[in-house]
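Summary of structural features
Below are the chains, spelled out letter by letter.
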Amino acid sequence: MSRVRAGRLAISFCTPFLAATSLAQPVVRTADPIKHGLNDSDFPRTIKVTDNVYTYEDFHAGAEKFTTTNMFVVTEDGVLVADGQGSAAETQALVDAIRTVTPKPIKYVVVCSDHGDHTAGNASFPAGVTYIIHPTSKAILERSPNGWKPPASAMLVSQQHSIKLGGENIDILFLGRAHTGGDLSVSLPRQKILFLSETFLNRVFPAMRSAHPSEWLKALDRAEAMNADIYIAGHGFTEQGPVSNEEIRAYHRALEAVIAEATRLHRTGVPVEDAVRQANWREYASWTLASSQGPIAIRRIYAELNGQIK
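Here goes a summary of the coordinates provided. Computed from a predicted model, the values in this text were never measured in an experiment. (Residues numbered from 1 in each chain as written. Predicted model: local features only at pLDDT ≥ 70, side-chain atom pairs only at ≥ 80, totals over all residues. Heavy atoms only, no water.)

Re the packing of helix 4 (residues 213-225) against helix 5 (residues 241-267)
We apply this condition: Between N-to-C directions, angles span 0 to 180 degrees; the directions come from axes that are lines fitted to C-alpha atoms, helices contributing only their stretch in contact. Put simply, DSSP H or I for four residues or longer makes a helix, DSSP E for two residues or longer makes a strand, and each gets a number counted from the N terminus. Any angle that falls under 35 degrees is termed roughly parallel, while one over 145 is termed roughly antiparallel, one within 65 to 115 roughly perpendicular, and all others oblique. The hand of a helix crossing depends on one turn: near helix anticlockwise from the far one by less than a right angle means left-handed, and clockwise means right-handed. Whether two residues are in contact is decided by their heavy atoms, any of which lying within 4.5 Å being enough. Nonpolar residues are Ala, Val, Leu, Ile, Met, Phe, Trp, Tyr, Cys and Pro. Charged residues are Asp, Glu, Lys and Arg, and all others, Gly as well, are polar.
Direction vectors running N to C along helix 4 and helix 5 enclose 160 degrees, while the axes themselves pass 10 Å from each other. Classed by the angle they form, the pair helix 4 and helix 5 counts as roughly antiparallel. Relative to helix 5, the crossing made by helix 4 is left-handed. Touching Pro213, Ser214, Trp216, Leu217, Leu220, Asp221, Ala223 and Glu224 of helix 4 are Ile248, Arg249, Tyr251, His252, Leu255, Glu256 and Ile259, all from helix 5. The class makeup of the residues in the contact of helix 4 with helix 5 is nine nonpolar, two polar and four charged.

Focus: the nonpolar core
Operational definition: In these notes, a set of buried Ala, Val, Leu, Ile, Met, Phe, Trp, Tyr and Cys residues joined through side-chain atoms within 4.5 Å is what counts as a nonpolar core. To sort residues, take the accessible area from a 1.4 Å probe on protein chains only and compare it with the maximum for the residue type: under 20% means buried, over 50% means exposed, and anything in between is partly exposed.
Of all hydrophobic cores here, the largest spans 43 residues; its most connected members are Leu194, Leu196, Phe205, Met208, Trp216, Tyr231 and Ile298. Listing elements by their share of this core, those giving two or more residues are helix 4, helix 5 and helix 7 (290-305). Here the element with the most residues in this core is helix 5; it accounts for eight residues. In this structure tryptophan 216 touches Arg177, Ala178, His179, Glu198, Thr199, Leu201, Ala207, Met208, Ala211, Tyr251 and Leu255, once residues within four positions along its chain are discounted.

So, the sheet that holds strand 13 (residues 193-195)
What counts, and what does not: What makes two strands pair is DSSP finding at least two bridges between them.
The mixed open sheet is built from five strands, whose spatial order is 10-11-12-13-14. Each having just a single partner strand, strand 10 (160-165) and strand 14 (230-232) make up the two edges of the open sheet. Sheet twist, expressed as the average angle between the axes of neighbouring strands with direction ignored, equals 20 degrees. Bridge count between strand 11 (residues 168-173) and strand 12 (residues 185-188): three bridges; the pairing is antiparallel. The residue bridging leucine 173 from the neighbouring strand is serine 185, located in strand 12.

The values reported here are purely geometric and, on their own, carry no functional implication.
This is the structure we're talking about:
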């Protein structure tokens, strides 16, 4: 048994369970589908992780191809979905994919990230679902001039909430501010699975437009201390248990390296726009989105170091 505490958070994993999965394939350390040996025609795709846990991967909008990944849990009494996709059509495709797996209704949708690539299509979820969301994310989405807004009936989770669906215990967790101010994660204690949404970007350069950099590191500390068998990222591919453990730690090192490089430049008095040009990302320069997200990361870390992020 392992236990981690963060504020009021207290989670235990007992009786590990890891079913045979459909993930058996050579491991390629990349978020790039082509380098991963996949073609456009392979997406969107549904991956069986364990008996009743699946991920759904579709392409993220933009010039550089990588996946936006959701998780759904099938039980006798219904389905819980973690995150949506970035448009009504893409989220409808997710809903249709779930229907090919089970006739059970979608009961819960967890808004793990409030960014549009995970929420803009939420209107395609069936009427009557219960949305679960962090108060910070709810406020952000309510103020947004575009896209989906959470209903007044949404369930708010500021630290931890446990639900039981069809005999499956499911924990909704706030591990701390990370990629956004209201990142939620979904833990399945029986299978030791942790869906981290955008707290974990598998081989995708740390994206920081609304991040809390130093707090993000602490959120990853808490996630890794839970000793899950499978960590599922909100972007990048779904990996087998041992590989997923290696990849969350690789991402943690990447985040540390990006923060360290920006901090080094800040401490030596390099102006922020010069730092954008001078930053040396070393091995992480080849990660997906490095060219576009590197400058954003520099500016965001400078803002945190200057006390401008509250």
